[in-house]
Amino acid sequence: MRTNLLLLLIVSLVQSVSFAQPKTYMLVHGAWCWKNVKPMLEASGNKVFAPDLPGHGDDKTPVSMVIFDDYVDKIVNVANSQPGPVVLVGHSMAGVVIAQAAENLKKGKVEMLVFLDAFMPNNGDSVFGLVEKRPFKTRPMALSRLSQVSLQA
């Protein structure tokens, strides 16, 4: 139930920003799946892509062979295959991916960047560096529980 409410909130937020004009969305995952959001956006006439990043989902690239640039290249290639501008939506670590992809794409190709509970990097930041900067109390519950379990063991 909570997940469905979050999904509806996300779709409503993205749609309200879009001014009812059909858009092309690229939903880039962190550790989250877009399977429930994609059909909701498509139902409003939008074109939606949710590519699996290298080494994730159905992409069979061995994780040991993947580097950050592979993630960015994947998003850049999919965005460039579209005729018009795209809205890049990044969740979690994908905030860093969409930020770099936007830098690599030609001017005018990115209509908007949406950071959904995502890392929003400054120039030169990395995901690991951003995680280290976060105060312990604001880390996700799963990380807090993991830390508490590790401390108690």
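Here the structure is shown first, and the text comes after it.
Residues numbered from 1 in each chain as written. Predicted model: local features only at pLDDT ≥ 70, side-chain atom pairs only at ≥ 80, totals over all residues. Heavy atoms only, no water.

**Quick notes on the nonpolar core**
Across soluble globular proteins, nonpolar side chains have a tendency to be buried as a group. In this structure, Met26, Val28, Ile75, Leu88 and Val97 are the most contacted members of the largest nonpolar core, which totals 20 residues. If you list the elements that add at least two residues to this core, you get β1 (24–28), α3 (68–80), β3 (86–92) and α4 (94–104). Ignoring any residue separated from it by four or fewer positions in sequence, one finds Leu88 in contact with Met26, Ile75, Ile98, Ala101, Ala102, Leu105, Val110, Met112, Leu113 and Val114. (Core = buried A, V, L, I, M, F, W, Y, C linked by side-chain atoms within 4.5 Å. Buried < 20%, exposed > 50% of the residue type's maximum accessible area, 1.4 Å probe, protein only. Helix = DSSP H or I, 4+ residues; strand = E, 2+ residues; numbered from the N terminus. Contact = heavy atoms within 4.5 Å.)

**Some words on the side chain of Gln82**
Assignment of secondary structure puts Gln82 in the loop between α3 and β3. Setting aside its immediate chain neighbours within four residues, Gln82 contacts Thr24, Lys47, Phe49 and Lys109.

**Brief notes about unusual backbone geometry**
Of note, the phi angle at Ser92 is positive, near 60°, even though the residue is not glycine. Examined against the element boundaries, Ser92 turns out to sit in strand β3. Although it is not a glycine, Asp117 sits at a positive phi angle of roughly 45°. Tracing the sequence through the fold places Asp117 in strand β4 (residues 110–118).

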